[in-house]
Amino acid sequence: MAHRVWDWRSDQLYAQSHFGSVSKTGTPFTECHNKVEATVRLERMFKFYQMKYIFQILDKMRCLRKRSTVSFLGVLVVFLLFMNVFIEDSYVLEGDKQLIRETSTHQLNSERYVHTFKDLSNFSGTINVTYRYLAATPLQRKRYLTIGLSSVKRKKGNYLLETIKSIFEQSSYEELKEISVVVHLADFNSSWRDAMVQDITQKFAHHIIAGRLMVIHAPEEYYPVLDGLKRNYNDPEDRVRFRSKQNVDYAFLLNFCANTSDYYVMLEDDVRCSRNFLTAIKKVIASLEGTYWVTLEFSKLGYIGKLYHSHDLPRLAHFLLMFYQEMPCDWLLTHFRGLLAQKNVIRFKPSLFQHMGYYSSYKGTENKLKDDDFEEESFDIPDNPPASLYTNMNVFENYEASKAYSSVDEYFWGKPPSTGDTFVIVFENPIKIKKIKVNTGTEDRQNDILHHGALDVGEKLIFSKQIRQCETYLRLGEFKNGNFEMSDVNQKIPFDIHCMRICVTKTQKEWLIIRSISIWTS
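Residues numbered from 1 in each chain as written. Predicted model: local features only at pLDDT ≥ 70, side-chain atom pairs only at ≥ 80, totals over all residues. Heavy atoms only, no water.

Naming follows an unreviewed UniProt entry, where the chain appears as MGAT4 family, member C of Rattus norvegicus. In UniProt, the chain has this text filed under Pathway (unreviewed entry): "Protein modification; protein glycosylation." (UniProt positions renumbered as here; feature names shortened; annotations may be inferred.)

What follows is the structure, encoded as structure tokens:
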């Protein structure tokens, strides 16, 4: 017997009469809503006729000999098909309901946000953003350090020009050859951007021509949704939007700077720099050669003075984008550092950068935060050439000898030393020393100083089973009030120095903190 073949066209009127039709006009939301409803209705209609056709086939199967077996199989097939229809239809409906909810909240635009979310799922490299070059010349070569600034329109005050001016004025001609400054004008107000570009090009045209200054903008269509975000920490909605957008601003800036230099330092747009800050940064990096670090901090405030390896910038950019709505950027940085296995903060004193803005970029509120460790005038960071450190003193916990030789805010701490105890520094290569400075004790523990001690320098390195040491030593002088300082050492010592030794000349009952050992080479 011939079976009726399902004709979609012949049943279309039936479908419209039972399920309705799709409107061809309306708002973007109603159009999307109608399309979703149409999809659901047609899906249901298709499943309905699919089931109807199956029942017709099963009805014809009754004439077969093994009627009971066939009926059982038929019931089983119908049951499985029914479950398939139910599960698939539920899935489609839930997905469409979610789409309708999103559409009603954000007035979904088919062109915006698409590439952004594709990038968020791809962590293999830099983010695919087409930047607008507002003021720039091609970068001829990779620099040592890139300085990144992100700026938006403020309700009160504008410090961006002063910040750029401070960067260039506080750098020597030789230092300028090794830096590039990238300014991300991240405000969506095109009139403000145009005015800022005009001011920047008028004041810093020669730096732009020299390739030291670039002004960029990441278009708004690359940004993720900034409305209706999670209100963590009970922040008001506008505050959440501000800090979330700031995270994305920084992410796009980091992404742009990934291949412009060896190192990258983040500043804010209301910062004053210390003189010759680049030289200080280079010395610190050199002193940490061979050690692992993710972030070095040259200011204790916000996102100011945070230094990274440039090869970490793509990961940091992706990280900020992934968690852009969770918390402020300076909080995210702590988590990023920890995830890359740098447990402790590595911060240097004095600070190289100072916050100078009086009004915040958020609503123009007052922001009087200052870094009391900042020194604007040039200060001389020691060279501290590579060396090994040894002591026979009883070390307390993890306050080992090496911490006294670092520029980081750490120190050596030992239990009460006895006469003859030593603290030895053995240099990898013999050096000529220009200046030596040793400080003991801290502000909190002013009595944990070296009350009686002397400082020696040695030559002719010899090797023992336990440590390397020098064959002969020459005494330079005594400690006074727990400190030792001497200049022009190279004019007083006739040989290249292999070792330096701090000697305890009298037993003391107080513990000993060696806060810093600083060496300048000639």
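A word on unusual backbone geometry. Here K460, not a glycine, exhibits a phi torsion of approximately 55°, which is positive. With respect to the helices and strands, K460 occurs in strand β14 (residues 453-463). Here N481, not a glycine, exhibits a phi torsion of approximately 55°, which is positive. Secondary-structure assignment places N481 in the loop between β15 (468-478) and β16 (483-487). Exposure remark for N481: the relative accessible area of 72% places this residue in the exposed category. (Helix = DSSP H or I, 4+ residues; strand = E, 2+ residues; numbered from the N terminus. Buried < 20%, exposed > 50% of the residue type's maximum accessible area, 1.4 Å probe, protein only.)

Moving on to the pairing of strand β8 (residues 306-309). Here β8 shows two buried faces, one formed by K306 and Y308 and the other by L307 and H309. In this sheet, β8 lies alongside strand β7 (residues 295-297) in antiparallel orientation, the contact comprising three bridges. In the sheet register, E297 faces β8, and the bridge partner there is K306. (Pairing = 2+ DSSP bridges.)

Time to look at the sheet that holds β15. Strand order across the open sheet formed by five strands is β10-β12-β17-β14-β15, with antiparallel pairing between neighbours. Looking at strand neighbours, the two that pair on one side only are β10 (387-391) and β15, the edges of this open sheet. Averaged over all pairs of adjacent strands, the angle between strand axes in this sheet comes to 25°, irrespective of strand direction. (Axes fitted to C-alpha atoms, helices over the stretch in contact; angles between N-to-C directions.)

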